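Residues per chain, in single letters:
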Amino acid sequence: MTPTWPNLHTITVPMLTDLHEGGPGTLITAQGGMAPYRVQRPGEVDLNTPWLIIAYGHGDLRLDLIEHDDWDRVAAAATRTAANAHHRLFFQPPPPLARAVRRDLARHGLILDHRPDASRTEDDGYRWDDHLTWADNPRLTFAMTYVQRHRDSLLINLAMYDQDRYVTSWPERITTTSGVPFCVREAPERARRHLDLHE
């Protein structure tokens with residue numbers, strides 16, 4: 001059964017307009033299960049917040065506008081989809097280690113642009129997927145997958161796309177003592193090399 005949320009979890013056309021004007025990296029968020037949605041520009045989102053809910057992003061709007069050109073319909077569909085994502089992420093929030101990687105990604109210019117997804121793996125592990133854009137050139141996007149089977153470690157995989165076409169990916173296992181993951185540190189340079197070769 002789809003959960004129902006109070007009106008404070010409604011995505012409106014004015015919110016979508018603000019989201020659209022904010023550009024890549026702008027998000028609709030809530031600071032916990034009962035907090036209202038609000039639009040936040042890149043750099044305004046506090047990725048340290050344990051109960052941060054990212055309900056919808058600029059990248060989600062871009063894709064939804066391809067399917068629907070009626071903003072009222074997009075707002076209604078976004079509210080329904082966000083409610084499901086909100087529900088999953090509220091009950092399966094990313095662990096502290098994944099939140100630390102998100103902060104590292106942001107510091108290296110890879111910013112969240114879509115609502116994340118939470119799911120379970122076939123062997124009953126926990127999985128989260130983030131979709132990001134490169135602040136230097138939004139032509140390049142990234143997908144970060146986190147899989148947790150043990151409390152103090154994560155398997156991560158960072159994949160790079162050029163205009164939605166897969167380019168490369170690199171997996172890594174990280175722990176609480178790993179520091180900034182190699183794939184995160186390497187991503188801006190790989191992105192620049194790719195663009196140098198393909199522009």
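Just so it is clear, the structure is predicted and the values come from calculations on it, not from any experiment.

J.: So what exactly am I meant to see when it comes to helix H3 (residues 71–91) here?
T.: Count 3.6 residues to each turn of an α-helix, and residues three or four apart come out pointing the same way. Its 21 residues place the ends of H3 30 Å apart at the C-alpha level, agreeing with the 30 Å of an ideal helix rising 1.5 Å per residue. Buried residues of H3: Val-74, Ala-75, Ala-77, Ala-78, Thr-79, Ala-82, Ala-83, Ala-85, His-86 and Leu-89, and no others. On its buried side, H3 packs onto helix H1 (13–22), strand E1 (27–31), strand E3 (52–57), helix H2 (58–67), strand E5 (117–120) and strand E6 (126–134). Two or three places before Asp-72, at the opening of H3, Asp-70 has a side-chain oxygen 2.8 Å from that residue's backbone nitrogen.

J.: I tried to follow H1 on my own but got confused; where do I start?
T.: All of the buried residues along H1 are Met-15, Leu-16 and Leu-19. Viewed end-on, H1 has its buried residues packed into an arc of 100 degrees, placing them on one side of the element. Those residues of H1 that are exposed and angled more than 90 degrees off the buried face are Pro-14 and Glu-21. In the core, the buried residues of H1 are packed alongside E1, strand E2 (38–40), E3, H2 and H3.

Procedures and definitions
- Each residue is numbered by its place in its chain's sequence as written, counting from 1.
- Only residues with pLDDT of 70 or above have their local features reported here, since the model is predicted, and side-chain atom pairs are shown and tallied only from 80 upward, although totals for entire chains, interfaces and linings are computed over all residues.
- By convention in this description, side-chain values take in all heavy atoms of the structure and omit both hydrogens and water.
- Each helix corresponds to a stretch of at least 4 residues labelled H or I by DSSP, and each strand to a stretch of at least 2 residues labelled E; elements are numbered beginning at the N terminus.
- By this rule the span expected of a helix is its residue count minus one, scaled by 1.5 Å.
- Each residue is placed in one exposure class: buried if its accessible area under a 1.4 Å probe, protein chains only, is under 20% of its type's maximum, exposed if it is over 50%, and partly exposed if it falls in between.
- By definition, residues are in contact when any of their heavy atoms lie within 4.5 Å.
- Pairs of N or O atoms are called polar contacts if they sit within 3.5 Å, as long as, within protein, a hydrogen donor faces a hydrogen acceptor (for residues adjacent in sequence, only side-chain-to-side-chain pairs).
- It is the directions from the helix axis to the C-beta atoms that the arc portrays.

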